[in-house]
Amino acid sequence: MKKGLKLISGVLFLLFILFIGFSWVQFQDRHSGYEIDLRFSSDSGPIMAGFSKVDITPAYFETWKDADGDSRYNPEKGDTFEDSNGNGKFDAIWLAGFHNSRPAKSVLDPLWARAMVLISGEVKIALCVIDMIGFGYDEVIATRKIIQESNPELDYVIIASTHVHSSPDLMGMWGPSDYTRGVNPEYLRQVQEGIRQAVNQAYDSKRPAKFRFAEEQEKLKALVGDTRPPLVYDASLKLMQVLDAESGQTLGTLMNWGNHPETLWSENIQISSDFADPWRKMVENGIQVNDSVQIEGVGGVALFLNGAVGGLMTTHPDMSVEDPFSFEKIQKPSPEKVQAQGKALAKATLETLQDTNAVAYTDLNMNFRAKTIHLPMDNSLFQLAAFLGIFDRGFTGWKQIRSEVSAWTLGPATFVHAPGELYPEILHGGIESPDGADFGIEPVEVPAILSKIPGSFKFFAGMSNDMIGYIVPKSQWDVKPPFTYDYKDRPYGEINSLGPETAPKIHSELLKILEELNPSKKN
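In this report, we go over the structure that sits alongside the text. Just so it is clear, the model here is predicted, and its values are computed rather than measured.

Notes on helix α4 (residues 276-285)
In terms of burial, α4 is a largely internal element, eight of the ten residues being buried. Of the residues making up α4, those classed as buried are Ala276, Asp277, Pro278, Trp279, Arg280, Met282, Val283 and Glu284. Phi for Gly286, located one or two positions after α4, is positive at around 100 degrees.

So, in C-alpha cells, the structure goes:
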C-alpha cells in the first residue's frame, strides 16, 4: 500500500515538474531585456524619401474542394485536398479572421509589403505596411533584428498591418481547429524576408523629396459602418503625397483610413488584400472604365495605413457599395463589391490630390518618440492560447506582455502608432458610461487622443508594431450581464481584447509621448 502511494506521489510530482517546465517554455520572454525608449529630432532641412513594394503572396500551398460550401475544411463532410507533394498531409495556408479552419483555395490578388524610408539629417526611419490581419510584437522585434543586420543605419522601423481578413494567419488563432496553431513557419519567414527586402529597397531608392498633405472628411462615410454603440465614425481620409524634389514625379502616397478590410466577408476562401488592392492600384495607375481612363493615377507606390477600426468599423454585408462611375449598387460580398469600394476610395483619393492649393513642403524637421510598454493579459482564453502554443507570445512578468507605442512629426503632420484595434471614441471623443457596463465608472480615456495630437495634419495608425486585439474604453467594458445597449450576449470586442486595463494604459502612454512631441509644450 505504502509503495503504491509512493509511486503515485512520484508520478504526480514528476507530472507537476513537467507542467512547470512546459509552462516556463511556453511563457518565457522571447526577447529578454528588449526595451526601447527612443527620442530623435532633426533641424528643418531637406528630406530624403524612398518607396518600394515586395510581393509576399504565399509561394506554395495545397488547394482543396469545399464540398458543402461552408468555407470550412471538414473531411467528414466530403471536403478533400489536393496532395500535390504526396506527403499525405494537407499543407494549407489558413486564412485569418472570422472563424477557424478556413484554408485558402486560390489567390484573388497579391499580398504586399510596402515600405517608405524617410531621412532627415541624421534621423532615419522606415515604415513597412504588410497585408496581414496583424503581426505580433515578438515577430516585429525578430524582423527588426533581421533588418538591422543588413541595414544598421536605420534608427527605427515601424511594421504595421492593413488588418485584411483574407490573408494567411500570422497570429496563430485561425488554424484548422481551436487548439491548433495556424501559422506556417516557412511563410512567416517569407514575410519577414519580404519586409527586409522592401525596407532595404526603399532605402536604396531614396531621393530628395517634397511633401503634400491633404484630408477628405465627407466622401467616404457611406463606406464605413459602426456596428457597436456609441456610433462614433472614423471615416476621414488623410493623405501624404511624396514627390521627387527635382522631377516632381510621385515617389509614394500614404493613405490613412479606418475600416476593416473584410468586405469579401467570411465565405471568401481566396487570398486577397480586399479593398486595399484596387485602391492602391488605381491610385498608382489610374481609374479605367472599359477602355477609357476616367482619372489619371499619380504613379509611385501607394501605402494603405489603417486607422482606428475598433467599435467595429466595417463594410458589413448589409451595406451596399455604389460604383462611382456605373452607379451600380452591390450588396453581396464579392470581388465586384471590393472593386467598387476600391474605385470609390481611389476616386476620393485622386480628386483630393488634384487640389492645387495644397502646399508642397521641401524643408521640414522631424521629431520622433517610441517607447516599450507592458500590458496585462487578463483574457483567460488568450492565456490558454499562449499556454497551448496557439499564440507564440512571450511574457515579461505575471500575465504581462511587451508592446509599444510611438509617434513622430514631419513638419505640419503628426503620425501616431498604436498596437491594436482602437475604438474610435478614444481617438475622437464620445466615450460613454452605459447602463449595464461592468465597472459603472465615468470615461477614463479622456481627453480624446486627437485633441492632443500636434500639427495641422493628424494621422493615426492602428495595428502598428503589434496586434493585441480590441482596445475598448474601460467605462464601456462589458462581459457580465446585464449587458449594455440591450445586448443579449457580451459584445464581440471584449472577447478579443487583452482586458479592461488595455485602453487606459495605451491612452495614457500615447498622451505622454504626444506631450513630449508637442512644440507648444517645450520651453
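Considering the side chain of Asp234
By secondary structure assignment, the location of Asp234 is in the loop between β9 (225-226) and β10 (237-244). One buried charge, Asp234, has no salt-bridge partner; the nearest side chain with opposite charge is Lys238, at 4.2 Å. Only 3.4 Å separates the side chain of Asp234 from the backbone nitrogen of Ala308, close enough to count as a polar contact. With residues up to four places along the chain from it excluded, the contact list for Asp234 reads Gly258, Gly307, Ala308, Met313, Pro424, Leu427 and His428.

Some thoughts on a nonpolar patch on the surface
On the surface, Ile8, Leu12, Leu14, Leu15 and Leu18 cluster together to form a nonpolar patch covering roughly 510 Å² of accessible area. Its location among the elements puts Leu12 in helix α1 (residues 2-27).

Section: the pattern of salt bridges
Throughout the structure, instances matching the rule amount to 24 salt bridges. Between Glu218 and Lys221 there is a salt bridge, and its shortest N-O distance comes to 3.2 Å. One salt bridge connects Lys474 with Glu501, and the closest N-O pair in it is separated by 2.7 Å. Taken together, the positions of Lys474 in the loop between β25 (470-471) and α8 (492-495) and Glu501 in the loop between α8 and α9 (502-517) put the pair 27 residues apart, joining distant regions of the chain. Its relative accessible area of 32% is what places Glu501 among the partly exposed residues. Residues joined in a network through salt bridges with shared partners are Asp37, Arg39, Arg369 and Glu516.

What to know about the packing of helix α2 (residues 137-150) against helix α3 (residues 185-204)
Between α2 and α3, whose axes approach to 10 Å, the crossing angle comes to 45 degrees. Judged on the interaxial angle alone, α3 and α2 are oblique. In the crossing of α2 with α3, the sense of the turn from one axis to the other is right-handed. Counting all contacts with α2, which are made through Glu139, Ala142, Thr143, Ile146, Ile147 and Ser150, the residues of α3 involved are Leu188, Gln192, Ile195, Arg196, Val199 and Asn200. Residue classes in the contact of α2 with α3 are distributed as six nonpolar, four polar and two charged.

Brief notes about the pairing of strand β20 (residues 363-376)
Within β20, ten of the 14 residues are buried, which leaves the element mostly enclosed by the surrounding structure. For strand β1 (residues 37-55) and β20, the ladder comprises eight bridges, and the chain directions are antiparallel. When the sheet's bridge partners are listed, Gly45 is paired in β20 with Leu364. In terms of strand pairing, β20 meets strand β21 (residues 400-410) through eleven bridges, oriented antiparallel. Bridge pairing in β21 links His374 to Arg402.

Considering the packing of aromatic side chains
Enumeration according to the criterion identifies 24 aromatic pairs in this entry. When the centroid spacing of 6.2 Å and the interplanar angle of 35 degrees are considered together, the rings of Phe27 and Phe387 count as tilted. Highlighted residues: Phe27 in helix α1 and Phe387 in helix α6 (residues 380-388), separated in sequence by 360 residues. Look at Phe27 and you get partly exposed, because its relative accessible area is 27%. When the ring of Trp64 is compared with that of Tyr73, the centres are 5.8 Å apart and the planes differ by 85 degrees; the resulting orientation is edge-to-face. Its relative accessible area of 3% is what places Trp64 among the buried residues. The class of Tyr73 is buried, set by a relative accessible area of 17%.

Things to note about the environment of Lys399
Looking at the element boundaries, Lys399 is found in the loop between α6 and β21. According to the relative accessible area criterion, Lys399 is partly exposed, its value standing at 33%.

Rules used throughout
- Residues numbered from 1 in each chain as written.
- Predicted model: local features only at pLDDT ≥ 70, side-chain atom pairs only at ≥ 80, totals over all residues.
- Heavy atoms only, no water.
- Buried < 20%, exposed > 50% of the residue type's maximum accessible area, 1.4 Å probe, protein only.
- Helix = DSSP H or I, 4+ residues; strand = E, 2+ residues; numbered from the N terminus.
- Lys, Arg positive; Asp, Glu negative; His and termini not counted.
- Salt bridge = Lys/Arg side-chain N within 4 Å of Asp/Glu carboxyl O.
- Polar contact = N/O pair within 3.5 Å; in protein donor to acceptor, adjacent residues only side chain to side chain.
- Contact = heavy atoms within 4.5 Å.
- Patch = residues over 30% accessible without salt bridge, like charges linked within 9 Å, V, L, I, M, F, W, Y side chains within 5 Å.
- Areas by Shrake-Rupley, 256 points an atom, 1.4 Å probe, with all protein chains shown as cover.
- Axes fitted to C-alpha atoms, helices over the stretch in contact; angles between N-to-C directions.
- Parallel < 35°, antiparallel > 145°, perpendicular 65-115°, else oblique.
- Left-handed = near helix turned anticlockwise from the far one by under 90°.
- Nonpolar A, V, L, I, M, F, W, Y, C, P; charged D, E, K, R; others polar.
- Pairing = 2+ DSSP bridges.
- Phe/Tyr/Trp six-rings, centres within 6.5 Å; stacked < 30°, edge-to-face > 60°.

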